[in-house]
Amino acid sequence: LKQIMKKKSQYCANGKSEGNPCTLAFIIGPSGISSHQQFTSDVSPHISENDGWGWDDDIKGYGWTSKLGWVAKKAGAKFVITFKKLHRPVRMFTLISMKSYGEKWKGSSARFTAAVSDQSVGNRTVHTTMTVAGIHDSATSISYTNIMELEEGGAGIGDNLKLEIELVGGTTFKIQGMMFCSF
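Residues numbered from 1 in each chain as written. Predicted model: local features only at pLDDT ≥ 70, side-chain atom pairs only at ≥ 80, totals over all residues. Heavy atoms only, no water.

Enquirer: In this structure, what is going on with the overall build of the chain? I would like to understand it.
Expert: Across its full length, the chain holds 3 helices and 11 strands. Scanning the chain from its N terminus toward the C terminus, one meets helices and strands in the order α-β-α-β-β-α-β-β-β-β-β-β-β-β. Out of the 183 residues in the chain, the part that is buried amounts to 42%. For the chain, the exposed surface amounts to about 9700 Å²; the carbon and sulfur share of it is 49%. (Helix = DSSP H or I, 4+ residues; strand = E, 2+ residues; numbered from the N terminus. Buried < 20%, exposed > 50% of the residue type's maximum accessible area, 1.4 Å probe, protein only. Areas by Shrake-Rupley, 256 points an atom, 1.4 Å probe, with all protein chains shown as cover.)

Enquirer: What is the right way to look at the state of the cysteines in this model?
Expert: Should the sulfur atoms of two cysteines be covalently bonded, the bond is a disulfide. A complete count under the given rule lists 1 disulfide for this structure. In this model, cysteine 22 is linked to cysteine 181 through a disulfide, with the two sulfur atoms separated by 1.9 Å. Across the disulfide from cysteine 22 to cysteine 181, rotation about the S-S bond amounts to roughly 90°, and the bridge is consequently right-handed. Placement of the pair is cysteine 22 in strand S1 (residues 22–27) and cysteine 181 in strand S11 (residues 174–181), with a sequence separation of 159 residues. The two residues cysteine 22 and cysteine 181 agree in class, both being buried. (Disulfide = S-S within 2.5 Å.)

Enquirer: Looking at this model, I keep getting lost on the sheet that holds strand S8 (residues 124–133). Mind explaining?
Expert: The strands that make up a sheet are held in pairs by hydrogen bonds between backbone atoms, and each pair lies either parallel or antiparallel. Strand order in this open sheet of 5 strands is S2-S5-S10-S7-S8, and the pairing throughout is antiparallel. Two strands bound the open sheet, and with one partner strand each, they are strand S2 (47–51) and S8. This sheet shows a mean twist of 10° between the axes of neighbouring strands, independent of strand direction. (Pairing = 2+ DSSP bridges. Axes fitted to C-alpha atoms, helices over the stretch in contact; angles between N-to-C directions.)

Enquirer: It is not clear to me how the pairing of strand S4 (residues 69–72) should be interpreted in this structure. Could you clarify?
Expert: Regular strands place side chains that alternate from one sheet face to the opposite one. Residue alternation in S4 divides its side chains into two sets, Gly69 and Val71 and Trp70 and Ala72, and both sets are buried. Pairing of strand S3 (residues 53–56) with S4 involves 4 bridges; the strand directions are antiparallel. Bridge assignment links tryptophan 53 to a residue of S4, and that residue is alanine 72. Strand direction decides the pairing type here: S4 and S11, joined by 2 bridges, are antiparallel. Its bridge partner lying in S11, tryptophan 70 is registered against isoleucine 175.

Geometry only, nothing functional implied.
Shown next, in the form of structure tokens:
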């Protein structure tokens, strides 16, 4: 986190702070994306493949404490977010996900693989991967933040970026937000 804040400070100090530093940023919840319809409008245009992920909305039964999200609905579920010819650089991927407990969450983990196709170097592709657990030992459901810094400086303007999210353990995983940003 200190490295990110340092990069952000350098970015702003260099006079580059104009405009939104994110290609896509969303939070699922009462003050962000709070309905399937809004998710479909804002995020779905970037989803190029989906097998087994869907909207989770159990607020009617349990109130806001139930935590909305984009959820893996089966073992091996996978979806892909694609950006072609980026208009701004992406160096960091930030994930907000829920960790929970109990039988439903046993073994829960998802792998996030970013592939940057560098158009300036003969379509060279650089991969960055992180795996995130969806279960913990606490008898409560808690949101966590994970940051993945893309290898070799990330994606530049004009590059293509593809993020593949695959459930590699258990039968569920809940995403509550994502940010694809320059810092």
